[in-house]
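What follows is the residue order along each chain.
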Amino acid sequence: MVVTQENVAVNGSRRLSPQEIADVLRDRIRAGDLKAGDRLPTQAELAEEFGVERGTVRQALRALQDDGLLSNVSKGSPPRIAEPSASARSEPQTTMVGLAPRLADAFSAPHVRVDAACLTAETLMLALGEPVRLIHEGRIRPESIDVRILLPSRDINLAFPVPVDGRGDDDPVHGRWLAQRNAQVHVLQHNLRALRSSHGIDVRVAFRALPFTPPIKLYLLNGAEALIAYYMVTRREEEMADVTLDMYDALGSDSLLFSFEKRTGQRDAAFVDQSQKWFDALWETITTDLTLS
C-alpha cells in the first residue's frame, strides 16, 4: 500500500503523540482511504511517515485495536482493517438509542462534520449530549465542529403533524410543532457554541429551511457514514393547555436507524456519496434562511 505524506508528519517542530497518530489513521478509515480487509503499512513505514519511534506507532495501533478497528494484530505482519460487526449492522436500533453512540464516535475525529435533515431537531439535540459530555470530560477533543441542519420552513403546510379534522384559521398543531422546532434550535446552538468558549473548539452551526416535509430523517457523519430512519405517521392525542389535540403525527425517536458506512463496500459508499450530494444540493438551491420568530 502506498502511503502519502500527511501534513501531520514530523516537520522539525515536535513529534506526534500516539493519540494523534491513531486519530489520523481513524480518519483514513472513516473516509474510506483504508477499507475493511486492507493491511496497514508496517510499523517501520508508519514510523517513517509520522517521524516517530516504533514504540509510539505500537501505542497508536493498540488504541485502534481497542476501538475494534483492527484485526489480525500480531508481531508477524501488519494488522488489517477490521470488518464492521455483523451483529451491529444486522440489528438496527431506534434512533433515540442508536444515534448518540454514532455521534460520539464521529466526534472523536479531529474535524467533525454533521449534516442532518429532519422534521424537528429533538433526537439530534438529545443525542448530541453524549459527545458534548465526552468533550467536557476530556475524553475526546475535536479541533473543529461544523453542523448543518435542514428543517421544514414555518411557512409551509406540513404533511404532518396535522389535525385529524383538517386545518383551520388557527392551527394549534402547527403552532405546537413550530414552538418545539424553535426551542430545539436554540438549545442546539447554545450547547455547541458553548464549546467554543469553554474548550477553544472552532464551532460552526447553521440552519436552512426546507420547502417541504421530510419523509425521512437523515444524518451524515464526517462524510463517511449515512444514518437514515423513516417517519412513521400515526394518529395520536396530546393534551395542550385545556385542549386535546387529535392529530396525525410521526414520533421519529422510535423509528429504526439504518447505517451505511463507506468503508464497508461500494454499495454503502455509493449510498453515502449520493446522500451527501442530495443534502448539499438542497442546502445550496431551494432552501431558505430559517426564521425562528
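As a reminder, the structure under discussion sits directly above these lines.
Here we summarise the structure given alongside this text. Since this is a predicted model, take the numbers as computed values, not measurements.

Applying the stated criterion across every chain, the model contains 24 salt bridges. One continuous salt-bridge network, built from bridges that share partners, spans Arg102, Asp105, Glu225, Glu261 and Arg263.

Looking at chain direction, strand β5 (residues 144-152) and strand β7 (residues 202-210) are connected through nine bridges and run parallel. Opposite Asp146, over in β7, you have Arg204 as the bridge partner. Bridging between β7 and strand β13 (residues 288-289) involves two bridges; their strand directions are antiparallel. Bridging across to β13, Arg208 finds its partner in Asp289.

In this section: the sheet that holds strand β11 (residues 243-250). Pairing is antiparallel across the open sheet formed by three strands, whose spatial order is β6-β11-β10. Single-partner strands in this sheet number two, and they are β6 (162-163) and β10 (233-240). Relative to β11, β10 is paired through eight bridges, and the arrangement is antiparallel. Bridging from a neighbouring strand, Arg235 pairs with Tyr248 of β11. Against the sheet, helix α8 (residues 172-199) touches β6, β10 and β11, its axis set at about 70 degrees to β11.

Turning our attention to the packing of helix α2 (residues 43-50) against helix α3 (residues 54-66). Two elements in contact, α2 and α3, have axes whose closest approach is 9 Å; the angle formed by their N-to-C orientations is 105 degrees. Taken together, α2 and α3 sit at an angle that is classed as roughly perpendicular. Residues Gln43, Ala44, Leu46 and Ala47 of α2 form the contact with α3, whose own contacting residues are Arg54, Val57, Arg58 and Leu61. Of the residues that constitute the contact of α2 with α3, the class distribution is five nonpolar, one polar and two charged.

With that out of the way, let us pick up the side chain of Ser275. Along the chain, Ser275 falls in helix α9 (residues 266-284). Those residues in contact with Ser275 that sit more than four places away from it in its chain are Leu218, Leu220 and Ala226.

Moving on: α9. In an α-helix there are 3.6 residues to a turn, and that puts residues three or four apart on one side. Its 19 residues place the ends of α9 27 Å apart at the C-alpha level, agreeing with the 27 Å of an ideal helix rising 1.5 Å per residue. Regarding α9, the residues found buried are Asp268, Ala269, Val272, Ser275, Gln276, Phe279, Leu282 and Trp283. What you see down the axis of α9 is that its buried residues fit within an arc of 165 degrees, all on one side. Exposed side chains of α9 directed beyond 90 degrees from the buried face belong to Gln266, Arg267, Gln274, Lys277 and Glu284.

Per the stated rule, a full pass over the model turns up three aromatic pairs. Relative to Trp283, the ring of Phe279 lies with its centre 5.9 Å away and its plane at 20 degrees, an arrangement referred to as stacked. Taken together, the residues Phe279 and Trp283, both in helix α9 and four residues apart, mark about one turn of the helix. Each member of the pair, Phe279 as well as Trp283, carries the same accessibility label: buried.

Among the structural elements, Lys262 can be located in the loop between β12 (256-261) and α9. In the structure, Lys262 is positioned 229 residues away from Asp33 in sequence and 9.4 Å away in space, judged by C-alpha atoms. Only 3.5 Å separates the side chain of Lys262 from the backbone oxygen of Gly223, close enough to count as a polar contact.

Turning our attention to the packing of helix α7 (residues 129-136) against α8. One way to put it is that α7 packs onto α8 with a least axis distance of 11 Å and a crossing angle of 5 degrees. Classified by the angle their axes make, α7 and α8 are roughly parallel. Together, Val132, Ile135 and His136 of α7 and Leu192, Leu195, Ser198 and His199 of α8 make up the contact between the two elements. Considered class by class, the residues forming the contact of α7 with α8 number four nonpolar, three polar and no charged.

With that settled, consider the environment of Pro161. The topology assignment puts Pro161 in the loop between β5 and β6. Spatially, the C-alpha atoms of Pro161 and Gln276 are 27 Å apart, while their sequence positions differ by 115 residues.

Bringing α3 into the picture now. For α3, with 13 residues, the first-to-last C-alpha span of 18 Å sits near the 18 Å given by 1.5 Å per residue. Listed in full, the buried residues belonging to α3 are Thr56, Val57, Ala60, Leu61 and Leu64. Each buried residue of α3 sits inside an arc of 135 degrees when the element is viewed along its axis, so together they form one side. Backbone geometry just downstream of α3 places Gly68 in the positive-phi region, at approximately 80 degrees.

Parameters at a glance
Residues numbered from 1 in each chain as written. Predicted model: local features only at pLDDT ≥ 70, side-chain atom pairs only at ≥ 80, totals over all residues. Heavy atoms only, no water. Salt bridge = Lys/Arg side-chain N within 4 Å of Asp/Glu carboxyl O. Pairing = 2+ DSSP bridges. Helix = DSSP H or I, 4+ residues; strand = E, 2+ residues; numbered from the N terminus. Contact = heavy atoms within 4.5 Å. Axes fitted to C-alpha atoms, helices over the stretch in contact; angles between N-to-C directions. Parallel < 35°, antiparallel > 145°, perpendicular 65-115°, else oblique. Nonpolar A, V, L, I, M, F, W, Y, C, P; charged D, E, K, R; others polar. Expected span 1.5 Å × (residues − 1). Buried < 20%, exposed > 50% of the residue type's maximum accessible area, 1.4 Å probe, protein only. Arc of directions from axis to C-beta. Phe/Tyr/Trp six-rings, centres within 6.5 Å; stacked < 30°, edge-to-face > 60°. Polar contact = N/O pair within 3.5 Å; in protein donor to acceptor, adjacent residues only side chain to side chain.

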